[in-house]
Amino acid sequence: MNSSTYDIAVIGGGVVGLSFAMQAAEQFPSLRVVILEKEAGVARHQTGHNSGVIHSGVYYKPGSLKARLCVQGAREMVEFCALHGIPHEVCGKLIVATTADEAAWLDDLLARGQANGLVGLRLLEPVEMREIEPHVGGVRALLVPSTGITDYAMVTAKYAEIAAGRGAELKTDAAVVGFRSSASEVVIQTRAGDFSARYVVNCAGLYSDRVAQMAGCDPELMIVPLRGEYYDLAPARADLVRWLIYPVPDPQYPFLGVHFTRRIHGNVDAGPNAVLAFRREGYRWTDFDLGEAMEVFRYPGFQKFARTQWKNGVREIRRSLVKREFVRSLQRLVPEVRYADMTPGGSGVRAQAMGADGSLVDDFRFVPRERFLHVLNVPSPAATASLPIGREILGMVRAAGVA
Ligand SMILES: Cc1cc2nc3c(=O)[nH]c(=O)nc-3n(C[C@H](O)[C@H](O)[C@H](O)COP(=O)(O)OP(=O)(O)OC[C@H]3O[C@@H](n4cnc5c(N)ncnc54)[C@H](O)[C@@H]3O)c2cc1C
(Lines give C-alpha, C1' and ligand atoms only; values in the text may rest on other atoms or scores of the structure.)
Protein backbone atom coordinates (compact mmCIF):
# COMPACT_ATOMS: atom_id res chain seq x y z
CA MET A 1 0.00 0.00 0.00
CA ASN A 2 1.62 3.33 -0.92
CA SER A 3 1.31 6.37 1.32
CA SER A 4 -1.65 7.72 -0.62
CA THR A 5 -3.71 4.52 -0.41
CA TYR A 6 -6.57 4.50 2.07
CA ASP A 7 -9.41 2.21 3.01
CA ILE A 8 -11.97 4.99 3.17
CA ALA A 9 -11.84 8.46 1.60
CA VAL A 10 -14.39 11.03 2.73
CA ILE A 11 -14.97 13.93 0.36
CA GLY A 12 -15.99 17.08 2.23
CA GLY A 13 -14.92 18.49 5.57
CA GLY A 14 -18.32 19.70 6.74
CA VAL A 15 -20.21 18.55 9.82
CA VAL A 16 -21.51 15.42 8.04
CA GLY A 17 -18.24 14.20 6.50
CA LEU A 18 -16.33 14.80 9.71
CA SER A 19 -18.92 13.18 11.96
CA PHE A 20 -18.64 10.08 9.82
CA ALA A 21 -14.83 10.23 9.68
CA MET A 22 -14.60 10.61 13.48
CA GLN A 23 -16.87 7.62 14.08
CA ALA A 24 -15.26 5.51 11.34
CA ALA A 25 -11.85 6.08 12.89
CA GLU A 26 -13.23 4.81 16.19
CA GLN A 27 -15.21 1.85 14.85
CA PHE A 28 -12.60 0.66 12.33
CA PRO A 29 -9.27 1.46 14.05
CA SER A 30 -7.28 -0.71 11.66
CA LEU A 31 -8.57 1.11 8.56
CA ARG A 32 -6.89 4.18 7.06
CA VAL A 33 -9.30 7.09 6.68
CA VAL A 34 -8.63 10.31 4.76
CA ILE A 35 -10.83 13.41 4.48
CA LEU A 36 -10.38 15.44 1.29
CA GLU A 37 -11.54 19.04 1.61
CA LYS A 38 -11.27 21.62 -1.14
CA GLU A 39 -10.97 24.64 1.18
CA ALA A 40 -8.07 25.56 3.45
CA GLY A 41 -10.01 24.48 6.55
CA VAL A 42 -13.14 22.67 7.70
CA ALA A 43 -16.73 23.97 8.00
CA ARG A 44 -16.29 26.70 5.38
CA HIS A 45 -19.67 26.28 3.67
CA GLN A 46 -23.10 25.22 4.96
CA THR A 47 -21.76 24.11 8.33
CA GLY A 48 -20.05 27.42 9.05
CA HIS A 49 -22.92 29.59 7.81
CA ASN A 50 -25.94 28.14 9.53
CA SER A 51 -28.26 29.36 12.29
CA GLY A 52 -26.60 27.31 15.00
CA VAL A 53 -29.88 25.82 16.19
CA ILE A 54 -30.09 22.37 17.76
CA HIS A 55 -33.43 21.48 16.23
CA SER A 56 -35.86 19.43 18.28
CA GLY A 57 -37.47 17.42 15.46
CA VAL A 58 -40.94 18.92 15.83
CA TYR A 59 -41.42 19.68 12.12
CA TYR A 60 -40.52 16.48 10.34
CA LYS A 61 -42.82 13.82 9.00
CA PRO A 62 -43.14 10.97 11.55
CA GLY A 63 -41.18 7.95 10.39
CA SER A 64 -38.84 9.97 8.15
CA LEU A 65 -35.08 9.84 8.54
CA LYS A 66 -35.15 13.54 9.36
CA ALA A 67 -37.55 12.97 12.26
CA ARG A 68 -35.71 10.00 13.69
CA LEU A 69 -32.16 11.28 13.28
CA CYS A 70 -32.99 14.83 14.39
CA VAL A 71 -34.67 13.83 17.66
CA GLN A 72 -31.82 11.44 18.44
CA GLY A 73 -29.21 13.89 17.14
CA ALA A 74 -30.44 16.76 19.30
CA ARG A 75 -29.92 14.70 22.46
CA GLU A 76 -26.50 13.53 21.30
CA MET A 77 -25.44 17.02 20.22
CA VAL A 78 -26.18 18.40 23.68
CA GLU A 79 -24.20 15.55 25.27
CA PHE A 80 -21.31 16.01 22.82
CA CYS A 81 -21.11 19.75 23.50
CA ALA A 82 -21.27 19.20 27.26
CA LEU A 83 -18.55 16.55 27.12
CA HIS A 84 -16.19 18.67 25.04
CA GLY A 85 -16.84 22.08 26.57
CA ILE A 86 -18.48 23.50 23.43
CA PRO A 87 -20.82 26.39 24.28
CA HIS A 88 -24.45 25.40 24.01
CA GLU A 89 -27.76 26.11 25.67
CA VAL A 90 -31.03 24.20 25.66
CA CYS A 91 -33.13 27.33 25.68
CA GLY A 92 -36.36 26.20 23.99
CA LYS A 93 -38.22 28.11 21.33
CA LEU A 94 -41.60 29.56 20.54
CA ILE A 95 -43.35 28.92 17.23
CA VAL A 96 -45.72 31.85 16.99
CA ALA A 97 -49.02 31.98 15.12
CA THR A 98 -50.07 35.43 13.99
CA THR A 99 -53.40 34.53 12.33
CA ALA A 100 -56.28 32.17 13.09
CA ASP A 101 -55.18 29.85 10.24
CA GLU A 102 -51.69 29.62 11.63
CA ALA A 103 -53.08 29.04 15.12
CA ALA A 104 -54.92 26.00 13.74
CA TRP A 105 -51.72 24.68 12.10
CA LEU A 106 -50.06 24.71 15.51
CA ASP A 107 -52.35 21.82 16.50
CA ASP A 108 -50.88 19.82 13.58
CA LEU A 109 -47.35 20.71 14.63
CA LEU A 110 -48.08 19.69 18.19
CA ALA A 111 -49.41 16.32 17.00
CA ARG A 112 -46.38 15.87 14.74
CA GLY A 113 -43.95 16.67 17.53
CA GLN A 114 -45.69 14.26 19.88
CA ALA A 115 -45.62 11.55 17.21
CA ASN A 116 -41.88 12.16 16.91
CA GLY A 117 -41.49 11.51 20.64
CA LEU A 118 -40.90 15.08 21.85
CA VAL A 119 -41.87 15.81 25.42
CA GLY A 120 -42.86 19.06 27.07
CA LEU A 121 -44.55 20.60 24.00
CA ARG A 122 -47.20 23.05 25.11
CA LEU A 123 -49.66 25.36 23.36
CA LEU A 124 -49.59 28.81 24.93
CA GLU A 125 -52.07 31.66 24.96
CA PRO A 126 -50.77 35.24 24.65
CA VAL A 127 -50.29 35.85 28.38
CA GLU A 128 -48.17 32.69 28.77
CA MET A 129 -46.24 33.45 25.57
CA ARG A 130 -45.24 36.81 26.95
CA GLU A 131 -44.04 35.32 30.21
CA ILE A 132 -41.39 33.57 28.09
CA GLU A 133 -40.81 36.23 25.41
CA PRO A 134 -42.13 39.55 26.75
CA HIS A 135 -42.05 41.34 23.37
CA VAL A 136 -43.58 38.66 21.17
CA GLY A 137 -46.72 39.36 19.13
CA GLY A 138 -49.11 36.76 17.78
CA VAL A 139 -52.23 35.02 18.97
CA ARG A 140 -50.97 31.61 20.06
CA ALA A 141 -47.65 29.77 20.28
CA LEU A 142 -46.18 26.32 20.58
CA LEU A 143 -43.44 26.02 23.17
CA VAL A 144 -40.71 23.56 22.16
CA PRO A 145 -38.50 23.20 25.23
CA SER A 146 -35.85 20.84 23.80
CA THR A 147 -34.58 23.24 21.09
CA GLY A 148 -31.09 24.56 21.72
CA ILE A 149 -28.26 26.58 20.24
CA THR A 150 -24.58 25.93 19.65
CA ASP A 151 -21.74 26.76 17.26
CA TYR A 152 -21.47 24.10 14.54
CA ALA A 153 -18.10 25.35 13.30
CA MET A 154 -16.74 24.58 16.78
CA VAL A 155 -18.51 21.21 16.82
CA THR A 156 -16.97 20.35 13.44
CA ALA A 157 -13.50 21.46 14.51
CA LYS A 158 -13.86 19.10 17.49
CA TYR A 159 -14.98 16.23 15.22
CA ALA A 160 -11.87 16.90 13.10
CA GLU A 161 -9.60 16.98 16.14
CA ILE A 162 -10.99 13.69 17.49
CA ALA A 163 -10.81 12.07 14.04
CA ALA A 164 -7.15 13.14 13.71
CA GLY A 165 -6.42 11.84 17.22
CA ARG A 166 -7.74 8.46 16.08
CA GLY A 167 -5.48 8.47 13.05
CA ALA A 168 -7.69 9.90 10.29
CA GLU A 169 -5.85 12.26 7.96
CA LEU A 170 -7.34 15.58 6.83
CA LYS A 171 -6.08 16.95 3.52
CA THR A 172 -7.13 20.54 2.88
CA ASP A 173 -6.85 22.44 -0.43
CA ALA A 174 -7.62 19.06 -1.99
CA ALA A 175 -10.60 19.69 -4.29
CA VAL A 176 -11.69 16.46 -5.93
CA VAL A 177 -11.74 16.89 -9.70
CA GLY A 178 -12.16 13.33 -11.02
CA PHE A 179 -11.94 9.60 -10.47
CA ARG A 180 -10.36 6.56 -12.10
CA SER A 181 -11.50 3.15 -10.97
CA SER A 182 -9.67 -0.16 -11.09
CA ALA A 183 -10.87 -3.59 -9.96
CA SER A 184 -9.65 -3.08 -6.39
CA GLU A 185 -9.67 0.64 -5.73
CA VAL A 186 -10.68 4.12 -6.79
CA VAL A 187 -8.09 6.71 -7.69
CA ILE A 188 -9.32 10.12 -6.56
CA GLN A 189 -7.80 12.99 -8.50
CA THR A 190 -7.50 16.16 -6.46
CA ARG A 191 -5.80 19.54 -6.64
CA ALA A 192 -3.37 18.14 -4.05
CA GLY A 193 -2.51 15.04 -6.08
CA ASP A 194 -3.99 11.57 -6.41
CA PHE A 195 -5.25 9.42 -3.54
CA SER A 196 -6.42 5.82 -3.75
CA ALA A 197 -9.15 4.32 -1.62
CA ARG A 198 -11.13 1.10 -1.43
CA TYR A 199 -14.30 3.05 -0.68
CA VAL A 200 -15.36 6.68 -1.12
CA VAL A 201 -17.99 8.55 0.89
CA ASN A 202 -19.18 11.69 -0.92
CA CYS A 203 -20.21 14.37 1.60
CA ALA A 204 -19.52 17.31 -0.72
CA GLY A 205 -22.64 19.29 0.21
CA LEU A 206 -23.33 21.91 -2.46
CA TYR A 207 -21.29 19.86 -4.96
CA SER A 208 -22.40 16.38 -3.94
CA ASP A 209 -24.37 15.84 -7.19
CA ARG A 210 -21.36 16.96 -9.25
CA VAL A 211 -19.04 14.61 -7.38
CA ALA A 212 -21.55 11.78 -7.94
CA GLN A 213 -21.57 12.56 -11.66
CA MET A 214 -17.76 12.59 -11.76
CA ALA A 215 -17.94 9.08 -10.28
CA GLY A 216 -20.29 7.94 -13.05
CA CYS A 217 -23.45 7.97 -10.92
CA ASP A 218 -26.58 9.67 -12.22
CA PRO A 219 -27.83 11.33 -9.02
CA GLU A 220 -31.36 11.74 -10.47
CA LEU A 221 -31.54 15.14 -8.82
CA MET A 222 -29.82 18.49 -8.90
CA ILE A 223 -28.45 20.46 -5.98
CA VAL A 224 -30.09 23.86 -6.25
CA PRO A 225 -28.29 26.50 -4.18
CA LEU A 226 -30.72 28.53 -2.08
CA ARG A 227 -29.17 31.43 -0.25
CA GLY A 228 -30.42 32.37 3.19
CA GLU A 229 -29.69 35.94 4.24
CA TYR A 230 -29.66 37.25 7.80
CA TYR A 231 -30.12 40.65 9.42
CA ASP A 232 -28.46 41.50 12.73
CA LEU A 233 -30.53 42.99 15.54
CA ALA A 234 -28.81 46.07 17.05
CA PRO A 235 -27.13 45.10 20.35
CA ALA A 236 -29.00 47.91 22.13
CA ARG A 237 -32.29 46.22 21.15
CA ALA A 238 -31.19 42.63 21.79
CA ASP A 239 -33.46 42.41 24.84
CA LEU A 240 -36.45 42.26 22.47
CA VAL A 241 -35.62 38.58 21.96
CA ARG A 242 -34.70 36.25 24.80
CA TRP A 243 -34.19 33.06 22.81
CA LEU A 244 -35.69 31.77 19.57
CA ILE A 245 -38.89 33.08 17.98
CA TYR A 246 -40.10 31.29 14.85
CA PRO A 247 -43.15 31.76 12.63
CA VAL A 248 -45.49 28.88 11.77
CA PRO A 249 -43.95 27.35 8.64
CA ASP A 250 -45.83 27.18 5.37
CA PRO A 251 -46.68 23.45 5.09
CA GLN A 252 -46.10 23.61 1.28
CA TYR A 253 -42.55 24.84 1.68
CA PRO A 254 -39.52 23.09 3.26
CA PHE A 255 -38.12 26.19 4.98
CA LEU A 256 -38.99 27.44 8.42
CA GLY A 257 -39.55 31.11 7.61
CA VAL A 258 -37.45 34.04 8.83
CA HIS A 259 -37.06 33.86 12.58
CA PHE A 260 -35.17 35.46 15.42
CA THR A 261 -32.24 33.48 16.77
CA ARG A 262 -30.17 34.30 19.78
CA ARG A 263 -26.74 33.00 18.89
CA ILE A 264 -24.65 31.10 21.38
CA HIS A 265 -22.12 33.95 21.42
CA GLY A 266 -24.81 36.41 22.57
CA ASN A 267 -25.93 38.39 19.51
CA VAL A 268 -29.40 38.11 17.97
CA ASP A 269 -30.04 37.80 14.27
CA ALA A 270 -33.01 37.19 12.04
CA GLY A 271 -33.35 35.10 8.92
CA PRO A 272 -32.69 33.16 6.82
CA ASN A 273 -34.85 33.85 3.79
CA ALA A 274 -34.52 31.59 0.71
CA VAL A 275 -33.46 33.03 -2.65
CA LEU A 276 -31.91 31.27 -5.61
CA ALA A 277 -28.14 31.80 -5.65
CA PHE A 278 -26.53 32.31 -9.07
CA ARG A 279 -23.51 30.36 -7.89
CA ARG A 280 -23.37 27.30 -5.68
CA GLU A 281 -21.25 29.12 -3.16
CA GLY A 282 -22.86 32.48 -3.92
CA TYR A 283 -23.14 34.27 -0.59
CA ARG A 284 -24.13 37.63 -2.14
CA TRP A 285 -26.34 38.77 -5.03
CA THR A 286 -23.19 39.80 -6.91
CA ASP A 287 -21.68 36.29 -6.76
CA PHE A 288 -22.43 34.95 -10.21
CA ASP A 289 -21.26 31.96 -12.22
CA LEU A 290 -22.83 31.82 -15.65
CA GLY A 291 -22.30 28.07 -16.08
CA GLU A 292 -23.76 27.20 -12.68
CA ALA A 293 -26.69 29.60 -13.07
CA MET A 294 -27.55 28.31 -16.56
CA GLU A 295 -27.35 24.73 -15.34
CA VAL A 296 -30.14 25.49 -12.85
CA PHE A 297 -32.30 27.43 -15.35
CA ARG A 298 -32.00 24.64 -17.92
CA TYR A 299 -32.86 21.86 -15.47
CA PRO A 300 -36.38 20.60 -16.26
CA GLY A 301 -37.03 20.13 -12.53
CA PHE A 302 -36.26 23.78 -11.83
CA GLN A 303 -38.45 24.91 -14.72
CA LYS A 304 -41.37 22.93 -13.29
CA PHE A 305 -40.64 24.19 -9.79
CA ALA A 306 -40.51 27.79 -11.01
CA ARG A 307 -43.89 27.42 -12.76
CA THR A 308 -45.61 26.35 -9.54
CA GLN A 309 -43.59 28.32 -6.98
CA TRP A 310 -42.99 31.60 -8.80
CA LYS A 311 -45.15 33.58 -6.39
CA ASN A 312 -43.10 32.40 -3.40
CA GLY A 313 -39.94 33.10 -5.42
CA VAL A 314 -40.97 36.67 -6.21
CA ARG A 315 -41.94 37.26 -2.58
CA GLU A 316 -38.55 35.97 -1.39
CA ILE A 317 -36.67 38.13 -3.92
CA ARG A 318 -38.61 41.22 -2.84
CA ARG A 319 -37.89 40.42 0.79
CA SER A 320 -34.21 40.01 -0.06
CA LEU A 321 -33.93 43.29 -1.97
CA VAL A 322 -36.30 45.44 0.08
CA LYS A 323 -35.30 45.66 3.72
CA ARG A 324 -38.73 47.01 4.68
CA GLU A 325 -40.30 43.71 3.52
CA PHE A 326 -37.86 41.70 5.59
CA VAL A 327 -38.53 43.87 8.65
CA ARG A 328 -42.29 43.59 8.09
CA SER A 329 -42.03 39.77 8.34
CA LEU A 330 -40.14 40.18 11.59
CA GLN A 331 -42.63 42.68 13.01
CA ARG A 332 -45.33 40.03 12.77
CA LEU A 333 -43.35 38.12 15.39
CA VAL A 334 -42.00 41.04 17.44
CA PRO A 335 -44.02 44.18 16.69
CA GLU A 336 -41.60 46.53 18.48
CA VAL A 337 -38.75 45.78 16.06
CA ARG A 338 -38.02 48.89 14.00
CA TYR A 339 -36.48 49.35 10.59
CA ALA A 340 -33.38 51.00 12.10
CA ASP A 341 -32.83 48.07 14.49
CA MET A 342 -31.85 45.68 11.71
CA THR A 343 -28.65 45.76 9.66
CA PRO A 344 -27.64 43.31 6.94
CA GLY A 345 -25.72 40.37 8.38
CA GLY A 346 -24.24 37.16 7.04
CA SER A 347 -25.66 34.52 4.74
CA GLY A 348 -25.46 30.81 4.03
CA VAL A 349 -26.29 28.72 0.99
CA ARG A 350 -28.43 25.60 1.38
CA ALA A 351 -27.73 22.57 -0.80
CA GLN A 352 -31.32 21.70 -1.64
CA ALA A 353 -31.80 18.63 -3.80
CA MET A 354 -34.50 18.94 -6.47
CA GLY A 355 -35.92 16.09 -8.53
CA ALA A 356 -36.47 16.25 -12.30
CA ASP A 357 -40.22 16.48 -11.57
CA GLY A 358 -39.68 19.79 -9.78
CA SER A 359 -40.16 18.41 -6.29
CA LEU A 360 -37.82 19.40 -3.47
CA VAL A 361 -36.34 16.23 -2.02
CA ASP A 362 -37.66 16.30 1.51
CA ASP A 363 -35.86 13.56 3.39
CA PHE A 364 -32.15 12.82 3.77
CA ARG A 365 -30.90 10.78 0.82
CA PHE A 366 -28.00 8.34 0.63
CA VAL A 367 -27.18 6.54 -2.62
CA PRO A 368 -24.76 3.58 -2.46
CA ARG A 369 -23.05 2.61 -5.75
CA GLU A 370 -20.30 -0.04 -5.88
CA ARG A 371 -17.26 1.60 -4.28
CA PHE A 372 -19.12 4.81 -3.44
CA LEU A 373 -21.70 6.15 -1.06
CA HIS A 374 -23.16 9.46 -2.20
CA VAL A 375 -24.75 11.60 0.51
CA LEU A 376 -27.03 13.61 -1.72
CA ASN A 377 -29.48 15.46 0.47
CA VAL A 378 -28.60 16.44 4.00
CA PRO A 379 -30.11 19.90 4.47
CA SER A 380 -31.31 21.24 7.80
CA PRO A 381 -31.49 19.65 10.42
CA ALA A 382 -28.38 17.73 9.36
CA ALA A 383 -26.03 19.70 11.61
CA THR A 384 -28.21 18.76 14.60
CA ALA A 385 -28.46 15.19 13.34
CA SER A 386 -24.80 14.87 12.33
CA LEU A 387 -23.86 12.23 14.93
CA PRO A 388 -26.62 9.73 14.02
CA ILE A 389 -26.18 10.58 10.30
CA GLY A 390 -22.52 9.58 10.70
CA ARG A 391 -23.69 6.30 12.24
CA GLU A 392 -26.16 5.66 9.40
CA ILE A 393 -23.27 6.09 6.96
CA LEU A 394 -21.13 3.72 9.06
CA GLY A 395 -23.87 1.09 8.72
CA MET A 396 -23.89 1.48 4.93
CA VAL A 397 -20.11 1.30 4.75
CA ARG A 398 -20.21 -1.92 6.82
CA ALA A 399 -22.94 -3.31 4.55
CA ALA A 400 -20.66 -2.62 1.57
CA GLY A 401 -18.11 -4.97 3.13
CA VAL A 402 -15.42 -2.33 3.66
CA ALA A 403 -14.81 -3.21 7.30
C1 LIG B 1 -28.52 29.26 6.06
C2 LIG B 1 -28.51 27.89 6.71
C3 LIG B 1 -29.03 27.73 8.01
C4 LIG B 1 -29.05 26.46 8.59
N5 LIG B 1 -29.42 26.32 9.89
C6 LIG B 1 -29.31 25.09 10.49
C7 LIG B 1 -29.56 24.96 11.89
O8 LIG B 1 -29.81 25.94 12.59
N9 LIG B 1 -29.49 23.71 12.43
C10 LIG B 1 -29.18 22.61 11.69
O11 LIG B 1 -29.17 21.50 12.22
N12 LIG B 1 -28.90 22.72 10.37
C13 LIG B 1 -28.93 23.94 9.77
N14 LIG B 1 -28.60 24.09 8.46
C15 LIG B 1 -28.23 22.89 7.70
C16 LIG B 1 -26.80 22.44 7.99
O17 LIG B 1 -25.91 23.53 8.08
C18 LIG B 1 -26.37 21.50 6.86
O19 LIG B 1 -27.36 20.51 6.73
C20 LIG B 1 -25.03 20.84 7.16
O21 LIG B 1 -24.06 21.82 7.46
C22 LIG B 1 -24.59 20.00 5.97
O23 LIG B 1 -23.29 19.56 6.23
P24 LIG B 1 -22.40 18.95 5.07
O25 LIG B 1 -21.16 18.45 5.72
O26 LIG B 1 -23.23 18.02 4.27
O27 LIG B 1 -22.14 20.17 4.07
P28 LIG B 1 -21.05 21.34 4.07
O29 LIG B 1 -20.89 21.95 5.40
O30 LIG B 1 -21.44 22.25 2.96
O31 LIG B 1 -19.71 20.59 3.73
C32 LIG B 1 -19.41 20.09 2.45
C33 LIG B 1 -17.93 20.25 2.24
O34 LIG B 1 -17.56 19.64 1.01
C35 LIG B 1 -16.54 20.41 0.46
N36 LIG B 1 -16.46 20.12 -0.98
C37 LIG B 1 -17.37 20.43 -1.94
N38 LIG B 1 -16.95 20.00 -3.14
C39 LIG B 1 -15.76 19.38 -2.93
C40 LIG B 1 -14.82 18.76 -3.79
N41 LIG B 1 -15.02 18.66 -5.11
N42 LIG B 1 -13.69 18.26 -3.25
C43 LIG B 1 -13.45 18.36 -1.92
N44 LIG B 1 -14.31 18.96 -1.06
C45 LIG B 1 -15.44 19.46 -1.56
C46 LIG B 1 -16.94 21.83 0.75
O47 LIG B 1 -15.85 22.73 0.67
C48 LIG B 1 -17.50 21.70 2.15
O49 LIG B 1 -16.53 21.94 3.16
C50 LIG B 1 -28.57 25.33 7.85
C51 LIG B 1 -28.04 25.52 6.57
C52 LIG B 1 -27.98 26.79 6.02
C53 LIG B 1 -27.33 26.96 4.67
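Our subject is the structure that appears above.
Thresholds, definitions, all that
Residues numbered from 1 in each chain as written. Predicted model: local features only at pLDDT ≥ 70, side-chain atom pairs only at ≥ 80, totals over all residues. Heavy atoms only, no water. Near = heavy atom within 4 Å. Polar contact = N/O pair within 3.5 Å; in protein donor to acceptor, adjacent residues only side chain to side chain. Areas by Shrake-Rupley, 256 points an atom, 1.4 Å probe, with all protein chains shown as cover. Helix = DSSP H or I, 4+ residues; strand = E, 2+ residues; numbered from the N terminus. Nonpolar A, V, L, I, M, F, W, Y, C, P; charged D, E, K, R; others polar. 1 Å grid on protein atoms, 1.4 Å probe; cavity = no way out; pocket = protein on both sides within 12 Å on 5 of 7 lines; lining within 4 Å. Points joined across faces, edges and corners; volume = space filled by probe spheres on them. Core = buried A, V, L, I, M, F, W, Y, C linked by side-chain atoms within 4.5 Å. Buried < 20%, exposed > 50% of the residue type's maximum accessible area, 1.4 Å probe, protein only. Contact = heavy atoms within 4.5 Å. Pairing = 2+ DSSP bridges.

Participant: Would you mind going over the site of the ligand in detail, with residue names and values included?
Facilitator: Residues in contact with the ligand amount to 38 residues; listed here are only the nearest, E37, T47, V176, V378 and T384. Between the ligand and V176, the relevant distance is 2.9 Å, taken from a nitrogen atom to a main-chain nitrogen or oxygen of the residue. The separation between a nitrogen atom of the ligand and a polar side-chain atom of S380 is 3.4 Å. Summarising the interface, the protein chains cover 97% of the accessible area of the ligand, which totals 1000 Å² for the free molecule. Contributing elements (two or more residues each) for the shell around the ligand: helix 1 (15–27) and strand 18 (342–354). In terms of residue count, the dominant contributor to the shell around the ligand is strand 18 (3 residues). Considered class by class, the residues forming the shell around the ligand number 19 nonpolar, 15 polar and 4 charged.

Participant: Lay out empty space enclosed by the protein in plain terms, naming residues and giving numbers.
Facilitator: Applying the stated criterion to the full structure yields 1 cavity of 30 Å³ or more. Volume-wise, the largest cavity comes out at about 40 Å³. Considering the residues around the largest cavity, the lining is formed by Q46, G205, S208, I223, A351, V375, L376, N377, V378 and P379. A per-class count over the lining of the largest cavity returns 6 nonpolar, 4 polar and no charged.

Participant: Got a sec to walk through the nonpolar core? Specific residues and values, please.
Facilitator: In terms of nonpolar packing, the biggest core is built from 48 residues, with I8, V201, I389 and I393 touching the most fellow members. Looking at this core, the element that brings in the most residues is helix 1, giving 8 residues. Setting aside anything within four residues of it in sequence, one finds V201 in contact with I8, A9, V10, I11, F20, L373, V375, I393 and V397.

Participant: Describe in detail the sheet that holds strand 3 (residues 53–54), supporting the description with residues and values.
Facilitator: Reading across from one edge, 3-8-4 is the order of the 3 strands in this open sheet, with antiparallel pairing throughout. Unpaired on one side and paired on the other, strand 3 and strand 4 (88–89) mark the two borders of the sheet. Across 2 bridges, the pairing between strand 4 and strand 8 (residues 148–150) is antiparallel. From the neighbouring strand, H88 faces strand 8, where its bridge partner is T150.

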